[in-house]
Amino acid sequence: MIARRLVCILLGVLVAGCHTLAPAPERPPEACIDDIVARLKELPEKPYLSTLDGQTVKLQEFFDACAQKWPHCALYAKFYYWANEVKEIESDSTRGRVRHKVRMYLNPLSTCYPEYVNPGRTHGDVVEIYNPEGIFMGLGVYMGDGLYVTLPYSGYKGKRSFSL
């Protein structure tokens, strides 16, 4: 009898424990965006971008270049804090198809609503572009409909043309 009671108590604790450990319902995407934006406001602006190849490049160059291309380009302040990942891709070049690295940054909308990401956006909302040798070439800004605006880095000494 005592053993049976212990088993019932244990099962009751396990069931109750499992019920309380169930994951909380997901927060709505609007709350996700609000959280990211609030965190971004707290973070300081950076004057430089640290690239994958070890360079430290002035960000103002890219903000100025994008502003000159307005309304076809919009580079958001503090994009360098967005969720990001490094990926190898293939792109067309004057030498044919080349394999190279990019660092993709995903804006809060893309992070919180991944199911609504435009299928034309293949490399992130902002992307650092590297040549096949791994040298930083510049930035690309996704502007919708599969189109990226490229912002070449003035310190890049290789061939200037690149596309996404």
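Residues numbered from 1 in each chain as written. Predicted model: local features only at pLDDT ≥ 70, side-chain atom pairs only at ≥ 80, totals over all residues. Heavy atoms only, no water.

1. Quick look at the overall build of the protein
Heads up, the rule is: For the purposes of this entry, the term helix denotes a DSSP run of H or I that reaches at least four residues, the term strand denotes a run of E that reaches at least two, and both are numbered from the N terminus. Exposure classes here rest on a 1.4 Å probe applied to the protein chains alone. A residue is buried below 20% of its type maximum, exposed above 50%, and partly exposed in between. We call two residues in contact whenever any of their non-hydrogen atoms come within 4.5 Å of each other.
Helices and strands together make up the secondary structure of the protein, namely four helices and seven strands. When the elements of the protein are put in sequence order from the N terminus, they spell out α-α-β-β-α-β-β-α-β-β-β. Put simply, the protein has 164 residues, and 34% of those count as buried. For the protein, contacts bridging at least 24 residues in sequence account for 51% of all contacts bridging at least 6.

2. Let's talk about the packing of aromatic side chains
Applicable threshold: Side-chain rings of Phe, Tyr and Trp (the six-membered ring for Trp) are treated as a pair once their centres are within 6.5 Å; stacked means planes under 30 degrees apart, edge-to-face means over 60, and tilted covers the remaining angles.
Summed over all chains, the structure comprises 11 aromatic pairs. Geometrically, the ring pair formed by Phe-62 and Phe-136 is edge-to-face, given 6.0 Å between the ring centres and 85° between the ring planes. With Phe-62 in helix 3 (residues 60-68) and Phe-136 in strand 6 (residues 136-142), this residue pair connects regions lying 74 residues apart in the sequence. For the pair Phe-62 and Phe-136, one class covers both residues: buried. Ring pairing ties together the aromatic residues Phe-63, Tyr-76, Phe-79, Tyr-80, Tyr-81, Trp-82 and Tyr-105, which thus form one cluster.

3. Quick look at the side chain of Ser-110
The criterion, for reference: Distance and chemistry together define a polar contact, namely a pair of N or O atoms within 3.5 Å, with one atom able to donate a hydrogen and the other to accept it when in protein, and with adjacent residues in sequence counting only for side-chain atoms on both sides.
Tracing the chain through its elements places Ser-110 in helix 4 (residues 108-112). Within the structure, Ser-110 has its side chain in polar contact with the side chain of Asp-125 (distance 2.8 Å). Those residues within four positions of Ser-110 in sequence are excluded, and the remaining contacts are Val-117, Arg-121 and Asp-125.

4. Concerning the side chain of His-100
Looking at the element boundaries, His-100 is found in strand 4 (residues 96-106). Given the relative accessible area of 6%, His-100 is considered buried. Separated by 3.0 Å, the side chain of His-100 and the backbone oxygen of Tyr-130 make a polar contact. If near-sequence neighbours (up to four positions away) are discounted, His-100 is found in contact with Lys-87, Glu-88, Ile-89, Ser-91, Ile-129, Tyr-130, Asn-131 and Pro-132.

5. Points about the nonpolar core
We count it as follows: In plain words, nonpolar cores are sets of buried Ala, Val, Leu, Ile, Met, Phe, Trp, Tyr and Cys residues tied together by side-chain atoms within 4.5 Å.
Core analysis: the biggest nonpolar cluster contains 33 residues, and Phe-62, Leu-75, Phe-79, Leu-139 and Leu-151 have the highest contact counts within it. When residues of this core are traced back to their parent elements, those giving at least two are helix 2 (29-42), helix 3, strand 4, strand 5 (126-130), strand 6 and strand 7 (148-152). For this core, the element with the most residues is strand 6, which contributes five residues.

6. A word on the pairing of strand 6
Put simply, the rule is: At least two DSSP bridges between two strands are needed for those strands to be called paired.
With seven of seven residues buried, strand 6 is to be regarded as a mostly interior element. Pairing of strand 5 with strand 6 involves five bridges; the strand directions are antiparallel. Bridged to Val-126 within strand 6 is Val-141. Taken together, strand 5 and the strand that follows it, strand 6, pair antiparallel across an intervening segment of five residues, in which Gly-134 is found at a positive phi of about 90°. Between strand 6 and strand 7, which pair antiparallel in sequence order, lie five residues; one of them, Gly-144, sits at a positive phi of approximately 100°.

7. Some details on the state of the cysteines
So the rule is basically this: Two cysteine sulfur atoms form a disulfide, by the criterion used here, when they sit within 2.5 Å.
Across all of its chains, the model carries two disulfides by this definition. Across a sulfur-sulfur distance of 2.0 Å, Cys-32 and Cys-112 are joined as a disulfide pair. One quick way to see it: the torsion about the S-S bond of Cys-32 and Cys-112 is about -70°, and its sign makes the bridge left-handed. Taken as a pair, Cys-32 in helix 2 and Cys-112 in helix 4 lie far apart in primary sequence, 80 residues in all. On the accessibility criterion, Cys-32 (24% relative accessible area) is partly exposed. The partner cysteine of Cys-66 in its disulfide is Cys-73, sulfur to sulfur 2.0 Å. One disulfide, between Cys-66 and Cys-73, carries an S-S torsion of -110° and so falls in the left-handed class.

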